Amino acid sequence: MLAKLDGAKEGAGTALDNTVVVTANDMEDGASHYIGRIPFVLIGSCGGFFKTGQFVKYSKTPHNRLLVSLLNAMDVQVDTFGAPGYGGALTELHA
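Residues numbered from 1 in each chain as written. Predicted model: local features only at pLDDT ≥ 70, side-chain atom pairs only at ≥ 80, totals over all residues. Heavy atoms only, no water.

Caption draft 1: Region of interest: the overall build of the protein chain. When you go through the protein chain residue by residue, the secondary structure sums to two helices and four strands. The secondary structure elements of the protein chain, listed N-terminal to C-terminal, are α-β-β-β-β-α. The C-alpha extent of the protein chain, read off along each of the three principal axes, is 45 × 30 × 20 Å. The buried share among the 95 residues of the protein chain stands at 23%. Here the contacts in the protein chain between residues at least 6 apart in sequence split such that 42% fall between residues at least 24 apart. (Helix = DSSP H or I, 4+ residues; strand = E, 2+ residues; numbered from the N terminus. Buried < 20%, exposed > 50% of the residue type's maximum accessible area, 1.4 Å probe, protein only. Contact = heavy atoms within 4.5 Å.)

Here you go:
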């Protein structure tokens, strides 16, 4: 799927350039249901919104902040997602 998106011309770039594909696991360890270190992978820059080619490791950062950044990338301007205490965007991911 990613190769096809990357091979499809769209404007000055490709469909992948204008997309963000998010893949994740709902918990780090299924046996213990541990959710402390959930891995997320973002592929594509969503029209240049996200920096690409980086690995970022967070500690004790709620994934709600990633969801805020994803919404902002798609022009949905919000400051929180879910509980207000977990608000804010992950601006270091932004281009």
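After that view, the rundown keeps rolling.
Caption draft 2: Representation of the side chain of H94 within the structure. Along the chain, the position of H94 falls in the segment after α2 (64-73). The buried category is assigned to H94, whose relative accessible area is 16%. Setting aside chain neighbours within four positions, we find H94 in contact with F49, F50, K51, S69 and A89.

Caption draft 3: View of unusual backbone geometry. Phi is positive for C46, which is not a glycine, with a value near 55°. Assignment of secondary structure puts C46 in the loop between β4 (40-43) and α2.

Caption draft 4: Looking closely at α2. When you tally the buried positions in α2, you get seven out of 10 residues, the bulk of the element. Three or more residues of α2 are buried, namely N64, L66, V68, S69, L70, N72 and A73. Where the residues of α2 are buried, they touch β3 (21-24) and β4. Of the residues one or two after α2, D75 is the one with positive phi, at around 65°.

Caption draft 5: How the structure looks around the packing of aromatic side chains. Going through the model one piece at a time under the given rule, you end up with one aromatic pair. When the centroid spacing of 5.1 Å and the interplanar angle of 80° are considered together, the rings of F49 and F50 count as edge-to-face. (Phe/Tyr/Trp six-rings, centres within 6.5 Å; stacked < 30°, edge-to-face > 60°.)

Caption draft 6: A look at the layout of surface pockets. Of the volumes computed, that of the largest pocket is approximately 970 Å³. Every residue lining the largest pocket is counted, 27 residues in all, and those nearest its centre are I38, P39, F40, V56 and Y58. Looking at the lining of the largest pocket residue by residue, the class counts come to 15 nonpolar, eight polar and four charged. (1 Å grid on protein atoms, 1.4 Å probe; cavity = no way out; pocket = protein on both sides within 12 Å on 5 of 7 lines; lining within 4 Å. Points joined across faces, edges and corners; volume = space filled by probe spheres on them. Nonpolar A, V, L, I, M, F, W, Y, C, P; charged D, E, K, R; others polar.)

Caption draft 7: Quick look at the side chain of S45. Along the chain, S45 falls in the loop between β4 and α2. For S45, a relative accessible area of 12% gives the class buried.

As far as function goes, none of this settles anything; it's purely spatial.
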